[in-house]
Amino acid sequence: MLDTVSAGTPADIERAVAAAGRAFPLWRQVSAVERAHLLHGAAARMREHFDELARLLTLEEGKPLPENEEELDWSLNTLDYYAELGRHTRGRVLPSPAPGQLSLVLKEPYGVVGCIVPWNYPILLLIWKLAPALAAGNTVVIKPPSLTPLTILWLVEVAFSDFPPGVVNVVTGRGSEVGDALVTHPDVPVIAFTGSTAVGLHISRSTAGQMKKLHLELGGKDPFVIADDAPLDEALEAAVAYAALINAGQVCTSTERVYVPRAMYARFSEALAERVGRLRLGPGLEPTTDMGPMIGDSGRDLVAEHVADAVARGARVLAGGRRPPHLERGFFYEPTVLVDVDHSMRIMREETFGPTIPLMPYDTFDEAIGLANDTEYGLGACLYTHDARKVRRFYEEVRAGTIWINDPLTDNYAGPFGGMKMSGMGRELGEEGLEEFWQTKHVHWDIEGGSKNFWYPY
Ligand code: NAD
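Residues numbered from 1 in each chain as written. Predicted model: local features only at pLDDT ≥ 70, side-chain atom pairs only at ≥ 80, totals over all residues. Heavy atoms only, no water.

**Focus: the pattern of salt bridges**
And step 1. Across all of its chains, the model carries 32 salt bridges by this definition.
And step 2. One salt bridge connects Arg392 with Glu396, and the closest N-O pair in it is separated by 3.8 Å. In this pair, Arg392 and Glu396 are both assigned in helix H14 (residues 388–397), 4 residues apart and thus about one turn of the helix distant.
And step 3. Put simply, Asp228, Asp387, Arg389 and Lys390 are held in one network by salt bridges that share partners. (Salt bridge = Lys/Arg side-chain N within 4 Å of Asp/Glu carboxyl O. Helix = DSSP H or I, 4+ residues; strand = E, 2+ residues; numbered from the N terminus.)

Given below as structure tokens:
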């Protein structure tokens with residue numbers, strides 16, 4: 001264990017929500033320019049302490065240092081992006097239905113936003129909420145993940161130290177206690193949550209009578225379709241070195257299912273198993289590490305269960321499939337390639353959230369699209385091809401919030417990210433990500449006033 005933090009209580013949530021509620025009337029009046037200045041300041045502090053923060057994130061989360069540097073880079077760029085976007089607009093003016101009138105569409109902050117994030121990208125996913133929520137004029141209460149609270153505590157204490165008191169609040173503790181208390185608090189009108197579909201559903205149910213705005217970013221089971229024109233080596237690197245194994249497969253948009261044309265299947269599987277066998281496992285701070293450990297025992301046990309279920313139903317393990325015997329400390333699991341899988345297996349239906357690559361052959365592109373859509377989730381989907389007709393069919397027919405063609409898992413903070421189906425509702429990033437934290441008011445203003453011919457008497 002690296003460190004411990006206090007387990008907050010519902011009474012702490014009460015105090016934090018009260019502080020955020022008191023700060024809101026003043027914060028919403030702060031000019032957008034000043035808010036932008038403060039958000040840029042937070043990004044600047046993160047830049048100043050970049051190395052220290054990246055190291056801390058590596059120690060508490062486990063993924064290799066370069067992946068944490070990337071997480072921080074995306075995060076501070078997102079702060080800068082929303083600092084600017086937040087001062088662009090506050091709504092619009094419509095052509096009025098009659099002379100002398102003004103129709104104003106105003107965007108207003110909600111008040112106190114509850115932000116809850118998971119452990120796999122704690123800083124990035126928090127900033128995706130914090131930056132637009134604050135830029136829109138809301139105040140926030142953060143519930144950090146119980147497994148990785150340290151970088152978030154650092155962030156609030158150091159990077160956001162210039163913000164007025166009560167604007168940014170944080171309460172550490174368990175999801176079932178402080179998380180529940182925050183979610184159901186009557187003075188918290190918006191919940192911005194990233195985590196599992198199970199907890200997302202729990203939040204929907206527990207707030208059903210409160211008419212809250214729920215912004216839910218949930219789990220996934222992303223497919224990766226290799227088309228028959230794809231250059232094998234390039235597609236293999238894209239699927240292996242990045243999409244399926246980054247952060248040991250613990251990414252909501254990890255590639256969790258790969259579909260390969262039958263004619264390429266044997267060659268692709270063998271080359272992939274050989275490539276995966278060469279990856280180096282180790283601690284995140286070691287420069288030679290390609291893949292770090294998983295976050296804990298329960299996640300690793302789930303991966304082992306999915307692999308065992310697949311093997312029991314006829315799948316074969318071509319690489320990995322076990323805990324590495326030479327690494328006793330840390331929750332390591334070997335990157336694993338499975339063939340002869342089908343959709344009856346848990347590994348093709350449930351979120352595995354670990355370093356597995358199940359490969360399934362297909363005969364026609366129609367079939368591949370059908371398989372990609374055969375899931376309750378709809379977060380992301382990847383395709384490797386240079387055939388424009390296939391690209392068009394894929395992005396029109398596959399039901400997922402993000403489609404990646406030939407460049408899996410890239411991010412662009414100026415564009416929206418989020419899920420369809422059981423992967424959630426709402427969008428983060430881009431203009432859509434700011435809209436989530438505003439409510440809309442329409443003001444009809446007759447500037448001159450005076451009696452109207454449609455009033456009584458008729
Ligand atoms: P989780 O749902 O167990 O926990 C997420 C957060 O919710 C944690 O901070 C946890 O303490 C809190 N929580 C738990 N119970 C709660 C409750 N009853 N009320 C309020 N809060 C509660 O998820 P996890 O294991 O931390 O993260 C992995 C999951 O997150 C995966 O399913 C992954 O796909 C998903 N995820 C989704 C995205 C996305 O953008 N769609 C991004 C990253 C991770």
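**A closer look at the site of the ligand**
And step 1. The immediate surroundings of the ligand are formed by 28 residues, with Val117, Lys143, Ser196, Leu218 and Glu351 found nearest.
And step 2. Val117 is positioned such that a nitrogen or oxygen atom in its backbone is 2.8 Å from an oxygen atom of the ligand.
And step 3. Contact between the ligand and Lys143: an oxygen atom at 2.6 Å from a side-chain N or O atom of the residue.
And step 4. In isolation the ligand has 840 Å² of accessible area, and contact with the protein removes 88% of it.
And step 5. Looking at the shell around the ligand, the elements that each hand over two or more residues are helix H7 (175–183), strand E6 (190–194) and helix H8 (197–206).
And step 6. Looking at the shell around the ligand, the element that brings in the most residues is H7, giving 4 residues. (Near = heavy atom within 4 Å. Polar contact = N/O pair within 3.5 Å; in protein donor to acceptor, adjacent residues only side chain to side chain. Areas by Shrake-Rupley, 256 points an atom, 1.4 Å probe, with all protein chains shown as cover.)

**Regarding the confidence of the model for the chain**
And step 1. Confidence in the prediction for the chain averages 97 pLDDT; 100% of positions are at 70 or higher.
And step 2. Taking the mean pLDDT of every element in the chain, the minimum, 86, falls on helix H9 (residues 232–244) and the maximum, 99, on strand E3 (residues 112–116). (pLDDT = per-residue confidence, 0-100.)

**Quick notes on the sheet that holds strand E4 (residues 139–143)**
And step 1. Reading across from one edge, E5-E4-E3-E6-E7-E17 is the order of the 6 strands in this open sheet, with mixed pairing throughout. Each edge of the sheet is formed by a strand with only one pairing partner; in this case those strands are strand E5 (168–170) and strand E17 (424–425).
And step 2. Pairing geometry for E3 and E6, over 4 bridges, is parallel. Within E6, the residue paired with Gly114 across the bridge is Ile191.
And step 3. Contacting E3, E4, E5 and E6, helix H5 (residues 122–135) crosses the sheet at an angle of about 165° to E4. (Pairing = 2+ DSSP bridges. Contact = heavy atoms within 4.5 Å. Axes fitted to C-alpha atoms, helices over the stretch in contact; angles between N-to-C directions.)

**Thoughts on the pairing of strand E1 (residues 91–94)**
And step 1. Pairing analysis gives 4 bridges linking E1 to strand E2 (residues 101–109), with the strands arranged antiparallel. Paired with Arg92 across the two strands is Val105, which belongs to E2.
And step 2. Following E1, the chain reverses through 6 residues before pairing antiparallel with E2; Gly100 in that reversal takes a positive phi of roughly 80°.

**Looking at empty space enclosed by the protein**
And step 1. Summed over the entire model, instances satisfying the criterion amount to 2 cavities of 30 Å³ or more.
And step 2. Approximately 180 Å³ is the volume found for the largest cavity.
And step 3. In this structure, the largest cavity is lined by 16 residues; those nearest its centre are Trp74, Leu124, Val251, Thr253 and Asp411.
And step 4. A total of 3 residues in the lining of the largest cavity trace back to one element, the largest contributor, which is H5.
And step 5. Taken together, the residues of the lining of the largest cavity sort by class into 12 nonpolar, 3 polar and 1 charged.
And step 6. If you trace the second largest cavity, you find 14 residues lining it, with Pro223, Thr375, Tyr377, Gly378 and Gly380 closest to the centre.
And step 7. Elements represented by at least two residues in the lining of the second largest cavity include exactly strand E8 (222–226), helix H13 (365–373) and strand E13 (377–378).
And step 8. When grouped by side-chain class, the residues that make up the lining of the second largest cavity number 6 nonpolar, 4 polar and 4 charged. (1 Å grid on protein atoms, 1.4 Å probe; cavity = no way out; pocket = protein on both sides within 12 Å on 5 of 7 lines; lining within 4 Å. Points joined across faces, edges and corners; volume = space filled by probe spheres on them. Nonpolar A, V, L, I, M, F, W, Y, C, P; charged D, E, K, R; others polar.)

**Re the state of the cysteines**
And step 1. Applying the stated rule across the entire model yields 0 disulfides.
And step 2. A disulfide-free cysteine, Cys115 has its sulfur positioned 17 Å from the sulfur of Cys252, the nearest such atom.
And step 3. Left without a disulfide partner, Cys382 is nearest to the cysteine sulfur of Cys252, which lies 12 Å away. (Disulfide = S-S within 2.5 Å.)

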